[in-house]
Amino acid sequence: MTHDSVTVAPAPAAARVLVLNGPNLNLLGTREPGIYGVLTLADLEQRCRQHGAALGLQVECFQSNHEGALIDQIHAWGALHRKGEALGVVFNPGAYTHTSIALHDAIKGVEPLPVIEVHISNVHAREAFRHHSWIAPVAAGSIIGFGPDGYLMALEALARRAAGLGTKR
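Turning our attention to the pairing of strand β5 (residues 88-92). Residues in a regular strand project their side chains so that they alternate between the two faces of the sheet. The buried fraction of β5 amounts to five of the five residues, a majority that puts the element mostly inside the structure. Side chains Gly88, Val90 and Asn92 of β5 all project onto a buried face; the interleaved residues Val89 and Phe91 project onto the opposite face, where all are buried too. Direction of pairing for strand β3 (residues 15-21) relative to β5: parallel, over a ladder of five bridges. Bridged to Val19 within β5 is Val90. Judged from the three bridges that link them, β5 and strand β6 (residues 115-119) form a sheet pairing that is parallel. Bridge pairing in β6 places Val90 opposite Ile116. A crossover connection joins β5 to the parallel β6 through helix α4 (residues 101-109); in handedness this β-α-β unit is right-handed.

Here it is in structure tokens:
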């Protein structure tokens, strides 16, 4: 893969990545399409799997409206990462971004698992309550406001990190 004049070798075939989506993202395609677009969650997950495969990544997807289920996934993927069986997590925490110290603590607790925070909309150009993220301080990085392409950018960032081309927080 070529990106900005840098050749990126595909990640190892066993490089597993989780695309994790929080509350209300199951409504993609119907919820506020002027903000979130018309792509459904199933469509987005398929795009992530296809793009991941092109990068040599095995992409798995999970969505929940329940904070505890998201925490459980972060813990499980932290354990997989410690065993060398997972590369990282692409995470759109939805509204929990602005409210969940528990998700912050879960991500911090599984360091050095790289978690990349993704938001479809530019949360900084929206209501003031969306401007603060409890996730950003413990994330490897944040990609905000590029629509569904932000997920693909996050997958590329994880592949680059695995190839030794990305920053390590």
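Moving on, there is more to tell.
Our next topic: α4. Listing the buried residues of α4 in full gives Leu103, His104, Ala106 and Ile107. Viewed along the axis of α4, the buried residues span an arc of 165°, placing them on a single side of the element.

This next bit is on the sheet that holds β5. Read from one edge of the open sheet, five strands run β4-β3-β5-β6-β7, paired in parallel fashion. The open sheet has two edge strands with one neighbour each: β4 (57-63) and β7 (141-144). When strand polarity is set aside, the average angle formed by the axes of neighbouring strands in this sheet is 20°. Packed on one face of the sheet, helix α2 (residues 41-54) meets β3 and β4 and runs near 160° to β4.

Looking now at the side chain of Ser64. Secondary-structure assignment places Ser64 in the loop between β4 and α3 (67-82). Using a relative accessible area of 7% as the deciding quantity, one classes Ser64 as buried. Within polar-contact distance, the side chain of Ser64 engages the backbone nitrogen of His66 at 2.9 Å. The contacts of Ser64, once residues within four sequence positions are left out, are Asn21, Gly22, Pro23, Ala69 and Leu70.

Definitions and cut-offs
- Residues numbered from 1 in each chain as written.
- Predicted model: local features only at pLDDT ≥ 70, side-chain atom pairs only at ≥ 80, totals over all residues.
- Heavy atoms only, no water.
- Buried < 20%, exposed > 50% of the residue type's maximum accessible area, 1.4 Å probe, protein only.
- Helix = DSSP H or I, 4+ residues; strand = E, 2+ residues; numbered from the N terminus.
- Pairing = 2+ DSSP bridges.
- Right-handed = clockwise from strand over helix to strand, strands pointing away.
- Arc of directions from axis to C-beta.
- Axes fitted to C-alpha atoms, helices over the stretch in contact; angles between N-to-C directions.
- Contact = heavy atoms within 4.5 Å.
- Polar contact = N/O pair within 3.5 Å; in protein donor to acceptor, adjacent residues only side chain to side chain.

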